[in-house]
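Summary of the model geometry
Now for the letters of each chain:
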Amino acid sequence: MAIVVLLGVLALAVGGCVCVVWAERGGPRWVRVVAWLTRGVGELLSSAGKSGSSSRSSSGGDGD
């Protein structure tokens, strides 16, 4: 079951990337919407990853 979910997430990610490239080349409106959503989710995940790693590194301390 987990493999099916992972394959679904992979298909969505690949489809989103295809839509981003297609939208850059002037695709239809629905492609531009999907590309906008894909970029937004990517920015959210990127900022969440950065804030999580910075809080872990700053709370670790050097201790010397």
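Here we summarise the structure given alongside this text. Just so we're clear, the structure is a prediction, and the values are computed from it rather than from any experiment.

Our focus in this paragraph is the packing of aromatic side chains. Under the definition given, this model contains 1 aromatic pair. Ring centres of W22 and W30 lie 5.7 Å apart, and the angle between their planes is 90 degrees; this geometry places the pair in the edge-to-face category.

Turning our attention to the nonpolar core. Most often, soluble globular proteins keep nonpolar side chains buried together rather than apart. C19, V20, A23, V31 and A35 form the largest nonpolar core, which has 5 residues in total. Listed by contribution, the elements that provide at least two residues to this core are α1 (2-24) and α2 (29-60). A total of 3 residues in this core trace back to one element, the largest contributor, which is α1.

Attention now goes to the state of the cysteines. With the rule as written, the count across this model stands at 0 disulfides. Free cysteine: C17, not disulfide-bonded; nearest cysteine sulfur from C19 at 9.4 Å. The class of C17 is partly exposed, set by a relative accessible area of 48%. Relative accessible area serves as the criterion here: at 9%, C19 is assigned to the buried category.

Moving on: the pattern of salt bridges. Within the structure shown, the criterion is met by 1 salt bridge. With a closest N to O distance of 2.4 Å, E24 and R39 form a salt bridge. On the criterion of sequence distance, the pair formed by E24 in helix α1 and R39 in helix α2 is long-range, its members being 15 residues apart. The exposure class assigned to R39 is partly exposed, which follows from its relative accessible area of 43%.

Calculation notes
- Residues numbered from 1 in each chain as written.
- Predicted model: local features only at pLDDT ≥ 70, side-chain atom pairs only at ≥ 80, totals over all residues.
- Heavy atoms only, no water.
- Phe/Tyr/Trp six-rings, centres within 6.5 Å; stacked < 30°, edge-to-face > 60°.
- Core = buried A, V, L, I, M, F, W, Y, C linked by side-chain atoms within 4.5 Å.
- Buried < 20%, exposed > 50% of the residue type's maximum accessible area, 1.4 Å probe, protein only.
- Helix = DSSP H or I, 4+ residues; strand = E, 2+ residues; numbered from the N terminus.
- Disulfide = S-S within 2.5 Å.
- Salt bridge = Lys/Arg side-chain N within 4 Å of Asp/Glu carboxyl O.

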